[in-house]
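Here are the chains, one letter per residue:
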Amino acid sequence: MTNTTQTDIFAILEGHRDAPSAMIDAMVDHFRAEEKPQELFEALKMQVRDKLGLPAIVVEQNEDRPEEIEQQLEHGLLQACREAGQMLINQGRVGEGWMYLRPTGDFDAARQFLADVEITDDNYDEMIQVLLHEGVDVARGYQAVLDHQGTCNSITLYEQALVQRSKADRKAAAACLLEHFYNELTTMVRGDIARREKPAGDDESLLDMIESRKWLLEDGGYHLDTTHLSATVKIATLLEEPEQIQKVWELCQYGRRLHHQFQYPGEEPFLDFYPAHLTFFSILRGENVDAGLKMFQRKAQTVDTVQHGTGAIETYVDLLTRVGRHVEAVQAAVDLVPNDVPPQRIIPMLLEIAEKAKADGQDATEPILQYCQKHGDVLGFAAVVHAAKSSKP
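Residues numbered from 1 in each chain as written. Predicted model: local features only at pLDDT ≥ 70, side-chain atom pairs only at ≥ 80, totals over all residues. Heavy atoms only, no water.

### Focus: the layout of surface pockets
What counts, and what does not: Space inside and on the surface of the protein is sampled on a 1 Å grid over the protein atoms alone, with a cavity defined as a set of points where a 1.4 Å probe fits but cannot get out and a pocket as an open set with protein on both sides within 12 Å along at least 5 of 7 lines; lining residues have an atom within 4 Å of a point. Grid points are joined across faces, edges and corners, and a volume is the space filled by probe spheres set on the points. Runs of E in the DSSP output that reach at least two residues are strands. Runs of H or I that reach at least four are helices, and both are numbered from the N terminus. For this scheme, ten residues count as nonpolar: Ala, Val, Leu, Ile, Met, Phe, Trp, Tyr, Cys and Pro. Four count as charged, namely Asp, Glu, Lys and Arg, and the remainder, Gly too, count as polar.
By volume, the largest pocket amounts to about 1,600 Å³. Every residue lining the largest pocket is counted, 44 residues in all, and those nearest its centre are R170, T237, L238, E314 and T315. Of all the elements in the fold, those that place two or more residues in the lining of the largest pocket are helix 8 (138–162), helix 9 (167–196), helix 11 (226–235), helix 13 (273–284), helix 16 (311–322) and helix 18 (343–359). Here the lining of the largest pocket gets eight residues from one element, more than from any other, and that element is helix 16. Looking at the lining of the largest pocket residue by residue, the class counts come to 20 nonpolar, eleven polar and 13 charged.

### Considering helix 6 (residues 107–115)
Put simply, the test is: Categorising residues by exposure relies on relative accessible area from a 1.4 Å probe, with only protein chains included: less than 20% of the type maximum marks a residue as buried, more than 50% marks it as exposed, and the intermediate range marks it as partly exposed. Note that the arc is defined by the directions from the helix axis to the C-beta atoms. Should any heavy atoms of two residues lie within 4.5 Å, those residues are counted as being in contact. Distance and chemistry together define a polar contact, namely a pair of N or O atoms within 3.5 Å, with one atom able to donate a hydrogen and the other to accept it when in protein, and with adjacent residues in sequence counting only for side-chain atoms on both sides.
Every buried residue belonging to helix 6 is among A109, A110, F113 and L114, and all of these are buried. With its buried residues spanning 130° around the axis, helix 6 presents them on a single face. Where helix 6 is buried, its residues contact helix 4 (67–90), helix 5 (94–101), helix 7 (124–133) and helix 8. Two or three places before D108, at the start of helix 6, stands the capping residue D106, its side-chain oxygen 3.4 Å from that residue's backbone nitrogen.

### What to know about the nonpolar core
In globular proteins that are soluble, nonpolar side chains generally tend to be buried together. As a reminder of what qualifies: Buried Ala, Val, Leu, Ile, Met, Phe, Trp, Tyr and Cys residues that are joined via side-chain atoms within 4.5 Å together make up what is termed a nonpolar core.
Counting 95 residues, the largest nonpolar core has Y142, V233, L251, Y254 and L350 as its most contacted members. Counting residues per element, this core draws most heavily on helix 9, which supplies ten residues. Setting aside residues up to four positions removed in sequence, L350 forms contacts with V330, A333, V334, I368 and Y371. Formed by 16 residues, the second largest nonpolar core is a distinct cluster that contains F41, A43, L44 and C81.

### A few points about the environment of L78
Within the secondary structure, L78 sits in helix 4. Its relative accessible area of 26% is what places L78 among the partly exposed residues. Put simply, L78 and I346 are 268 residues apart on the chain and 37 Å apart in space, counted from C-alpha to C-alpha. Setting aside chain neighbours within four positions, we find L78 in contact with P103 and T104.

### Examining the packing of helix 8 against helix 9
Heads up, the rule is: Helix axes use the C-alpha atoms of the stretch in contact, all axes being lines fitted to C-alpha atoms, and the angles between their N-to-C directions lie in the range 0 to 180 degrees. We call two directions roughly parallel when the angle between them is under 35 degrees, roughly antiparallel when it is over 145, roughly perpendicular when it lies between 65 and 115, and oblique otherwise.
Direction vectors running N to C along helix 8 and helix 9 enclose 110°, while the axes themselves pass 9 Å from each other. Classified by the angle between their axes, helix 8 and helix 9 sit roughly perpendicular to one another. Here helix 8 contributes V138, A139, Y142, Q143, L146, T151, I155, Y158 and L162 to the contact with helix 9, which in turn contributes D169, R170, A172, A173, A174, C176, L177, H180, F181 and E184. Across the contact of helix 8 with helix 9, the residue classes break down as 13 nonpolar, three polar and three charged.

### Regarding helix 12 (residues 242–256)
Each full turn of the α-helix corresponds to 3.6 residues, which orients residues three or four apart in the same direction. Inclusion rule: What a helix should span is 1.5 Å times the count of its residues minus one.
Here helix 12 contains 15 residues, and its C-alpha end-to-end distance of 21 Å stays within 8% of the 21 Å for a straight helix at 1.5 Å per residue. Of all 15 residues in helix 12, eleven are buried, a share of seventy percent or more. Looking only at helix 12, the buried set comprises Q244, I245, K247, V248, W249, E250, L251, C252, Q253, Y254 and G255. On the buried face of helix 12, the contacting elements are helix 9, helix 10 (206–212), helix 11, helix 13 and helix 16.

### Examining unusual backbone geometry
A cis amide bond links E268 to the next residue, P269, at an omega of 10°. One can find P269 in the loop between helix 12 and helix 13. Not every positive phi belongs to a glycine, and D219 is a case in point at roughly 55°. Of note, D219 is situated in the loop between helix 10 and helix 11.

The following block contains the structure:
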(Lines give C-alpha, C1' and ligand atoms only; values in the text may rest on other atoms or scores of the structure.)
Protein backbone atom coordinates (compact mmCIF):
# COMPACT_ATOMS: atom_id res chain seq x y z
CA MET A 1 0.00 0.00 0.00
CA THR A 2 1.45 3.35 -1.01
CA ASN A 3 1.94 5.88 1.75
CA THR A 4 1.03 9.51 1.18
CA THR A 5 2.90 12.55 2.43
CA GLN A 6 1.22 15.25 4.47
CA THR A 7 1.12 17.42 1.34
CA ASP A 8 -0.51 14.58 -0.62
CA ILE A 9 -3.26 13.98 1.90
CA PHE A 10 -4.20 17.63 2.05
CA ALA A 11 -4.33 17.65 -1.72
CA ILE A 12 -6.65 14.65 -1.64
CA LEU A 13 -8.86 16.24 0.99
CA GLU A 14 -8.92 19.47 -0.99
CA GLY A 15 -10.19 17.49 -3.95
CA HIS A 16 -13.20 16.37 -1.93
CA ARG A 17 -14.24 19.74 -0.59
CA ASP A 18 -17.58 19.45 -2.32
CA ALA A 19 -18.13 15.91 -1.01
CA PRO A 20 -17.46 15.91 2.75
CA SER A 21 -18.37 12.23 3.16
CA ALA A 22 -15.86 11.21 0.49
CA MET A 23 -13.28 13.44 2.19
CA ILE A 24 -13.77 11.65 5.51
CA ASP A 25 -13.53 8.26 3.77
CA ALA A 26 -10.26 9.34 2.17
CA MET A 27 -8.95 10.46 5.55
CA VAL A 28 -9.81 7.06 7.07
CA ASP A 29 -8.00 5.30 4.20
CA HIS A 30 -4.98 7.55 4.73
CA PHE A 31 -4.63 6.80 8.44
CA ARG A 32 -5.12 3.07 7.77
CA ALA A 33 -2.36 3.13 5.19
CA GLU A 34 -0.08 5.15 7.46
CA GLU A 35 -0.92 2.81 10.38
CA LYS A 36 -1.67 5.65 12.75
CA PRO A 37 -4.16 4.01 15.14
CA GLN A 38 -5.09 6.95 17.33
CA GLU A 39 -5.69 9.25 14.38
CA LEU A 40 -7.57 6.41 12.66
CA PHE A 41 -9.85 6.09 15.67
CA GLU A 42 -10.74 9.78 15.56
CA ALA A 43 -11.32 9.57 11.79
CA LEU A 44 -13.55 6.52 12.20
CA LYS A 45 -15.58 8.38 14.82
CA MET A 46 -16.11 11.18 12.31
CA GLN A 47 -17.05 8.65 9.64
CA VAL A 48 -19.65 6.99 11.88
CA ARG A 49 -21.19 10.31 12.86
CA ASP A 50 -21.25 11.46 9.24
CA LYS A 51 -23.08 8.31 8.09
CA LEU A 52 -25.69 8.87 10.79
CA GLY A 53 -26.23 12.48 9.74
CA LEU A 54 -24.56 13.91 12.83
CA PRO A 55 -21.91 16.63 13.00
CA ALA A 56 -18.44 15.16 12.48
CA ILE A 57 -17.24 16.74 15.72
CA VAL A 58 -19.25 16.68 18.95
CA VAL A 59 -20.43 20.21 19.61
CA GLU A 60 -22.79 19.46 22.50
CA GLN A 61 -22.02 16.96 25.24
CA ASN A 62 -25.69 16.11 25.70
CA GLU A 63 -26.91 15.69 22.16
CA ASP A 64 -30.56 14.68 21.92
CA ARG A 65 -30.68 11.68 19.55
CA PRO A 66 -33.28 8.97 18.79
CA GLU A 67 -32.54 5.64 20.48
CA GLU A 68 -31.97 3.89 17.14
CA ILE A 69 -29.33 6.48 16.16
CA GLU A 70 -27.75 6.16 19.60
CA GLN A 71 -27.44 2.39 19.21
CA GLN A 72 -25.91 2.68 15.74
CA LEU A 73 -23.47 5.30 16.99
CA GLU A 74 -22.41 3.10 19.88
CA HIS A 75 -21.94 0.11 17.57
CA GLY A 76 -19.83 2.17 15.17
CA LEU A 77 -17.67 3.58 17.95
CA LEU A 78 -17.03 0.10 19.33
CA GLN A 79 -15.95 -1.05 15.88
CA ALA A 80 -13.58 1.90 15.77
CA CYS A 81 -12.19 0.92 19.17
CA ARG A 82 -11.65 -2.63 17.95
CA GLU A 83 -9.77 -1.59 14.82
CA ALA A 84 -7.59 0.98 16.56
CA GLY A 85 -6.88 -1.42 19.42
CA GLN A 86 -5.84 -4.20 17.07
CA MET A 87 -3.52 -1.87 15.16
CA LEU A 88 -1.87 -0.70 18.37
CA ILE A 89 -1.33 -4.27 19.53
CA ASN A 90 0.10 -5.20 16.14
CA GLN A 91 2.56 -2.38 16.66
CA GLY A 92 3.54 -3.79 20.03
CA ARG A 93 1.78 -1.06 22.01
CA VAL A 94 -0.09 -3.52 24.20
CA GLY A 95 -1.25 -1.26 27.02
CA GLU A 96 -2.54 1.43 24.67
CA GLY A 97 -4.22 -1.17 22.50
CA TRP A 98 -6.05 -2.66 25.46
CA MET A 99 -7.36 0.78 26.43
CA TYR A 100 -9.18 0.87 23.11
CA LEU A 101 -10.29 -2.76 23.21
CA ARG A 102 -11.58 -2.73 26.79
CA PRO A 103 -14.84 -0.84 26.00
CA THR A 104 -15.77 -3.52 23.43
CA GLY A 105 -15.86 -6.21 26.12
CA ASP A 106 -14.69 -8.67 23.46
CA PHE A 107 -12.13 -10.69 25.39
CA ASP A 108 -12.00 -13.38 22.71
CA ALA A 109 -10.92 -10.86 20.08
CA ALA A 110 -8.37 -9.33 22.44
CA ARG A 111 -7.01 -12.79 23.22
CA GLN A 112 -6.64 -13.50 19.52
CA PHE A 113 -4.92 -10.17 18.83
CA LEU A 114 -2.45 -10.81 21.66
CA ALA A 115 -1.80 -14.44 20.73
CA ASP A 116 0.86 -13.45 18.18
CA VAL A 117 2.59 -11.00 20.52
CA GLU A 118 5.65 -12.57 22.07
CA ILE A 119 6.18 -11.83 25.75
CA THR A 120 9.59 -10.20 26.12
CA ASP A 121 11.50 -8.39 28.84
CA ASP A 122 10.44 -5.11 27.25
CA ASN A 123 6.69 -5.75 27.20
CA TYR A 124 6.46 -8.17 30.14
CA ASP A 125 4.76 -5.76 32.56
CA GLU A 126 2.19 -4.63 30.00
CA MET A 127 1.42 -8.17 28.89
CA ILE A 128 0.99 -9.42 32.46
CA GLN A 129 -1.27 -6.49 33.27
CA VAL A 130 -3.52 -7.20 30.30
CA LEU A 131 -3.40 -10.99 30.18
CA LEU A 132 -3.50 -11.72 33.89
CA HIS A 133 -4.78 -8.75 35.86
CA GLU A 134 -7.32 -7.65 33.23
CA GLY A 135 -8.31 -11.29 32.73
CA VAL A 136 -7.85 -11.47 28.95
CA ASP A 137 -5.90 -14.74 29.07
CA VAL A 138 -5.21 -15.75 32.67
CA ALA A 139 -3.56 -19.05 31.80
CA ARG A 140 -1.02 -17.45 29.45
CA GLY A 141 -0.36 -14.57 31.82
CA TYR A 142 0.14 -16.80 34.83
CA GLN A 143 2.37 -19.14 32.85
CA ALA A 144 4.52 -16.14 31.91
CA VAL A 145 4.85 -15.24 35.60
CA LEU A 146 5.93 -18.80 36.35
CA ASP A 147 8.48 -18.70 33.53
CA HIS A 148 9.87 -15.28 34.41
CA GLN A 149 9.59 -15.13 38.20
CA GLY A 150 9.47 -18.74 39.37
CA THR A 151 7.25 -20.71 41.70
CA CYS A 152 7.57 -18.61 44.86
CA ASN A 153 6.51 -15.30 43.31
CA SER A 154 3.79 -17.03 41.32
CA ILE A 155 2.25 -18.56 44.44
CA THR A 156 2.38 -15.19 46.19
CA LEU A 157 0.70 -13.57 43.20
CA TYR A 158 -2.03 -16.19 43.22
CA GLU A 159 -2.71 -15.74 46.92
CA GLN A 160 -2.72 -11.95 46.71
CA ALA A 161 -4.29 -11.18 43.33
CA LEU A 162 -6.14 -14.24 42.03
CA VAL A 163 -7.78 -15.81 45.05
CA GLN A 164 -10.79 -13.48 44.75
CA ARG A 165 -11.14 -13.91 40.99
CA SER A 166 -13.70 -16.11 39.24
CA LYS A 167 -13.45 -19.87 39.60
CA ALA A 168 -12.55 -20.17 35.91
CA ASP A 169 -9.63 -17.77 36.33
CA ARG A 170 -8.40 -19.53 39.44
CA LYS A 171 -8.61 -22.92 37.73
CA ALA A 172 -6.64 -21.63 34.74
CA ALA A 173 -3.84 -20.43 36.99
CA ALA A 174 -3.98 -23.53 39.19
CA ALA A 175 -3.55 -25.77 36.15
CA CYS A 176 -0.42 -23.86 35.12
CA LEU A 177 1.03 -24.01 38.63
CA LEU A 178 0.40 -27.74 38.99
CA GLU A 179 1.96 -28.58 35.64
CA HIS A 180 4.97 -26.37 36.34
CA PHE A 181 5.61 -27.69 39.84
CA TYR A 182 4.98 -31.35 39.00
CA ASN A 183 7.38 -31.22 36.04
CA GLU A 184 9.99 -29.35 38.06
CA LEU A 185 9.81 -31.80 40.97
CA THR A 186 9.87 -34.83 38.67
CA THR A 187 12.95 -33.45 36.91
CA MET A 188 14.71 -32.87 40.22
CA VAL A 189 13.91 -36.39 41.46
CA ARG A 190 15.18 -37.90 38.19
CA GLY A 191 18.36 -35.89 38.53
CA ASP A 192 18.86 -37.08 42.10
CA ILE A 193 18.44 -40.70 41.04
CA ALA A 194 20.83 -40.32 38.11
CA ARG A 195 23.51 -38.94 40.41
CA ARG A 196 23.23 -41.81 42.85
CA GLU A 197 22.39 -44.85 40.74
CA LYS A 198 21.20 -45.97 37.33
CA PRO A 199 18.84 -43.34 35.80
CA ALA A 200 15.13 -43.91 36.25
CA GLY A 201 13.17 -45.26 33.30
CA ASP A 202 11.38 -42.82 31.03
CA ASP A 203 8.09 -44.52 31.84
CA GLU A 204 8.48 -44.08 35.61
CA SER A 205 6.16 -41.52 37.14
CA LEU A 206 6.97 -39.43 40.18
CA LEU A 207 5.12 -41.98 42.34
CA ASP A 208 6.96 -44.91 40.74
CA MET A 209 10.29 -43.31 41.53
CA ILE A 210 9.64 -42.51 45.18
CA GLU A 211 7.92 -45.83 45.91
CA SER A 212 10.80 -47.92 44.61
CA ARG A 213 13.56 -45.75 46.10
CA LYS A 214 12.63 -44.96 49.68
CA TRP A 215 16.08 -43.51 50.26
CA LEU A 216 15.11 -40.47 48.16
CA LEU A 217 13.26 -38.90 51.12
CA GLU A 218 15.17 -40.42 54.02
CA ASP A 219 16.92 -38.34 56.69
CA GLY A 220 14.91 -35.18 55.95
CA GLY A 221 15.61 -35.23 52.23
CA TYR A 222 13.53 -33.17 49.78
CA HIS A 223 13.96 -31.80 46.27
CA LEU A 224 12.04 -28.51 46.13
CA ASP A 225 10.80 -25.97 48.67
CA THR A 226 8.28 -27.90 50.77
CA THR A 227 6.12 -24.82 51.37
CA HIS A 228 5.72 -24.50 47.59
CA LEU A 229 4.64 -28.14 47.48
CA SER A 230 1.90 -27.66 50.07
CA ALA A 231 0.73 -24.42 48.43
CA THR A 232 0.49 -26.13 45.04
CA VAL A 233 -1.53 -29.01 46.50
CA LYS A 234 -3.91 -26.60 48.23
CA ILE A 235 -4.46 -24.51 45.11
CA ALA A 236 -4.93 -27.61 42.94
CA THR A 237 -8.07 -28.71 44.84
CA LEU A 238 -9.98 -26.66 42.26
CA LEU A 239 -8.91 -28.85 39.36
CA GLU A 240 -11.07 -31.55 37.82
CA GLU A 241 -9.37 -33.20 34.86
CA PRO A 242 -8.30 -36.82 35.57
CA GLU A 243 -4.70 -36.14 34.49
CA GLN A 244 -4.53 -33.18 36.85
CA ILE A 245 -6.02 -35.15 39.72
CA GLN A 246 -3.45 -37.90 39.15
CA LYS A 247 -0.55 -35.44 39.28
CA VAL A 248 -1.63 -33.66 42.44
CA TRP A 249 -2.38 -37.04 44.07
CA GLU A 250 1.22 -38.03 43.32
CA LEU A 251 2.41 -34.75 44.86
CA CYS A 252 0.49 -35.71 48.00
CA GLN A 253 2.15 -39.12 47.99
CA TYR A 254 5.51 -37.35 47.84
CA GLY A 255 4.48 -34.93 50.59
CA ARG A 256 3.31 -37.59 53.04
CA ARG A 257 6.74 -39.24 52.80
CA LEU A 258 8.57 -36.07 53.84
CA HIS A 259 10.19 -35.78 57.27
CA HIS A 260 7.69 -34.73 59.95
CA GLN A 261 9.31 -31.29 60.21
CA PHE A 262 8.00 -30.61 56.70
CA GLN A 263 4.49 -31.92 57.44
CA TYR A 264 2.93 -28.51 57.97
CA PRO A 265 -0.61 -28.44 59.38
CA GLY A 266 -3.34 -27.11 57.13
CA GLU A 267 -6.72 -25.54 57.72
CA GLU A 268 -9.88 -27.53 58.36
CA PRO A 269 -10.91 -29.88 56.90
CA PHE A 270 -7.27 -30.42 55.85
CA LEU A 271 -5.65 -30.01 59.27
CA ASP A 272 -3.71 -33.25 58.76
CA PHE A 273 -2.53 -31.84 55.48
CA TYR A 274 -1.28 -34.63 53.22
CA PRO A 275 -3.42 -37.51 54.53
CA ALA A 276 -6.56 -35.36 54.23
CA HIS A 277 -5.66 -34.20 50.74
CA LEU A 278 -4.86 -37.77 49.71
CA THR A 279 -8.35 -38.78 50.81
CA PHE A 280 -9.82 -35.81 48.93
CA PHE A 281 -8.06 -36.63 45.66
CA SER A 282 -8.60 -40.36 46.08
CA ILE A 283 -12.35 -39.71 46.13
CA LEU A 284 -12.01 -37.83 42.85
CA ARG A 285 -10.01 -40.76 41.46
CA GLY A 286 -12.91 -43.05 42.34
CA GLU A 287 -11.10 -44.83 45.18
CA ASN A 288 -12.74 -45.54 48.56
CA VAL A 289 -15.39 -42.97 47.73
CA ASP A 290 -17.91 -43.82 50.46
CA ALA A 291 -15.30 -44.04 53.22
CA GLY A 292 -13.68 -40.81 52.10
CA LEU A 293 -16.98 -38.97 51.93
CA LYS A 294 -17.86 -40.14 55.43
CA MET A 295 -14.64 -38.62 56.74
CA PHE A 296 -15.42 -35.24 55.16
CA GLN A 297 -19.04 -35.53 56.30
CA ARG A 298 -17.85 -35.89 59.89
CA LYS A 299 -15.66 -32.84 59.44
CA ALA A 300 -18.56 -30.86 57.99
CA GLN A 301 -20.78 -31.82 60.91
CA THR A 302 -18.28 -31.29 63.72
CA VAL A 303 -15.81 -28.54 62.79
CA ASP A 304 -16.64 -25.34 64.68
CA THR A 305 -17.69 -22.81 62.04
CA VAL A 306 -17.19 -19.91 64.44
CA GLN A 307 -13.52 -20.83 64.87
CA HIS A 308 -12.72 -22.33 61.47
CA GLY A 309 -15.33 -20.90 59.08
CA THR A 310 -17.43 -22.95 56.68
CA GLY A 311 -14.56 -24.55 54.75
CA ALA A 312 -15.34 -28.08 55.95
CA ILE A 313 -18.97 -27.77 54.84
CA GLU A 314 -18.01 -26.27 51.48
CA THR A 315 -15.48 -29.05 50.86
CA TYR A 316 -18.00 -31.78 51.63
CA VAL A 317 -20.65 -30.20 49.41
CA ASP A 318 -18.09 -29.75 46.63
CA LEU A 319 -17.03 -33.39 46.82
CA LEU A 320 -20.62 -34.63 46.69
CA THR A 321 -21.20 -32.48 43.63
CA ARG A 322 -18.05 -33.62 41.89
CA VAL A 323 -18.87 -37.31 42.33
CA GLY A 324 -22.36 -36.74 40.93
CA ARG A 325 -24.38 -36.84 44.15
CA HIS A 326 -26.03 -33.51 43.49
CA VAL A 327 -29.22 -33.94 45.50
CA GLU A 328 -27.16 -35.02 48.51
CA ALA A 329 -24.92 -32.01 47.99
CA VAL A 330 -27.88 -29.61 48.07
CA GLN A 331 -29.35 -31.31 51.15
CA ALA A 332 -25.98 -31.19 52.93
CA ALA A 333 -25.62 -27.49 52.24
CA VAL A 334 -29.16 -26.77 53.38
CA ASP A 335 -28.74 -28.82 56.55
CA LEU A 336 -25.22 -27.79 57.53
CA VAL A 337 -24.74 -24.13 56.59
CA PRO A 338 -25.15 -22.03 59.77
CA ASN A 339 -28.30 -19.96 60.08
CA ASP A 340 -26.32 -16.73 60.38
CA VAL A 341 -24.98 -17.14 56.83
CA PRO A 342 -27.24 -15.00 54.58
CA PRO A 343 -29.22 -17.03 52.01
CA GLN A 344 -27.94 -14.64 49.31
CA ARG A 345 -24.49 -16.20 49.76
CA ILE A 346 -25.80 -19.75 49.45
CA ILE A 347 -28.44 -19.58 46.70
CA PRO A 348 -25.99 -19.06 43.78
CA MET A 349 -24.05 -22.17 44.84
CA LEU A 350 -27.25 -24.18 45.22
CA LEU A 351 -28.48 -23.05 41.80
CA GLU A 352 -25.21 -24.13 40.23
CA ILE A 353 -25.53 -27.57 41.81
CA ALA A 354 -29.17 -27.81 40.72
CA GLU A 355 -28.13 -27.13 37.11
CA LYS A 356 -25.58 -29.93 37.26
CA ALA A 357 -28.19 -32.21 38.83
CA LYS A 358 -30.62 -31.53 36.00
CA ALA A 359 -27.93 -32.30 33.42
CA ASP A 360 -27.49 -35.68 35.14
CA GLY A 361 -31.22 -36.37 35.26
CA GLN A 362 -31.62 -35.44 38.93
CA ASP A 363 -33.98 -32.88 40.48
CA ALA A 364 -32.56 -30.88 43.39
CA THR A 365 -35.07 -28.01 43.24
CA GLU A 366 -37.40 -28.81 46.15
CA PRO A 367 -34.81 -28.73 48.97
CA ILE A 368 -33.65 -25.33 47.74
CA LEU A 369 -37.20 -23.96 47.67
CA GLN A 370 -37.78 -25.25 51.20
CA TYR A 371 -34.56 -23.57 52.29
CA CYS A 372 -35.73 -20.26 50.80
CA GLN A 373 -39.09 -20.50 52.55
CA LYS A 374 -37.48 -21.39 55.87
CA HIS A 375 -35.22 -18.33 55.67
CA GLY A 376 -37.86 -15.98 54.27
CA ASP A 377 -35.89 -15.47 51.05
CA VAL A 378 -38.58 -14.39 48.58
CA LEU A 379 -36.10 -13.28 45.92
CA GLY A 380 -34.19 -16.55 46.16
CA PHE A 381 -37.42 -18.56 45.88
CA ALA A 382 -38.40 -16.71 42.71
CA ALA A 383 -34.90 -17.11 41.25
CA VAL A 384 -34.94 -20.87 41.87
CA VAL A 385 -38.39 -21.31 40.29
CA HIS A 386 -37.38 -19.18 37.33
CA ALA A 387 -34.15 -21.15 36.82
CA ALA A 388 -36.02 -24.46 37.02
CA LYS A 389 -38.59 -23.38 34.42
CA SER A 390 -36.03 -21.72 32.15
CA SER A 391 -33.82 -24.80 32.04
CA LYS A 392 -36.64 -27.04 30.80
CA PRO A 393 -36.53 -27.91 27.08
